[in-house]
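Now for the letters of each chain:
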Amino acid sequence: MTKKRTKLKIIIGFLILMISFSCSRGSKIKFYSLDKDNCVTVLTKDTLRYVIAGDYDKVPDTNFVKLDISKITELGDGVWICWLENQGWDIVVDKSIIIENKLDTVKYRFDTNLPVDEREIPTEIKFRQENCAIFDYYLMKLSPDKGAIVEIN
């Protein structure tokens, strides 16, 4: 009887561990323009996401936006990005909530909603053009595979 209980405890402990890891979102993703002159680092931990101008491993003192992503569904989670001529970028994290914004707004544009068409329906058309990219967190890849170079750590 003791061996069965020990095995059961191990199995239950393993299941609890698996569930706790599967429920948390955590990632570090770097997006580079195709010429690699521009970089955006996106750090995610559970319901917080930082969009950082530049190549970083942790959140710097400036040039970042801190987001609450708790209202974003798993299938709707993404980063929409267009590279700008001034070595800046225009990014949308749809349905996110800005907690803190320390971005240089002259160089970087950030929004929490996708643009809408004439019927007021959100659209990705802008981000499907040349020099733009859409990253899908559900698939963990660019969709379609163009417009940026992605490093997932």
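For the structure itself, look to the data block above.
Right, let's walk through the structure included here. (Residues numbered from 1 in each chain as written. Predicted model: local features only at pLDDT ≥ 70, side-chain atom pairs only at ≥ 80, totals over all residues. Heavy atoms only, no water.)

## Structural notes on unusual backbone geometry
Pro-144 follows Ser-143 through a cis peptide bond whose omega is -5°. As for its placement among the helices and strands, Pro-144 is situated in the loop between β10 (141–142) and β11 (149–152). Of note, Gln-87 is a non-glycine position whose phi angle comes to about 65°, a positive value. Residue placement: Gln-87 occurs in the loop between β5 (78–83) and β6 (89–92). Overall, Gln-87 belongs to the partly exposed group, its relative accessible area being 38%. Backbone geometry places Glu-120, a non-glycine residue, at a positive phi of 70°. (Helix = DSSP H or I, 4+ residues; strand = E, 2+ residues; numbered from the N terminus. Buried < 20%, exposed > 50% of the residue type's maximum accessible area, 1.4 Å probe, protein only.)

## What about the sheet that holds strand β4 (residues 64–68)?
Within the open sheet, the six strands sit side by side as β7-β4-β3-β2-β1-β11. Their pairing is antiparallel. Looking at strand neighbours, the two that pair on one side only are β7 (97–101) and β11, the edges of this open sheet. On average, each strand axis in the sheet is inclined to that of its neighbour by 20°, with strand direction left out of account. One ladder, built from four bridges, connects β4 with β7; its direction is antiparallel. Note that in β7 the partner of Asp-68 across the bridge is Ile-97. (Pairing = 2+ DSSP bridges. Axes fitted to C-alpha atoms, helices over the stretch in contact; angles between N-to-C directions.)

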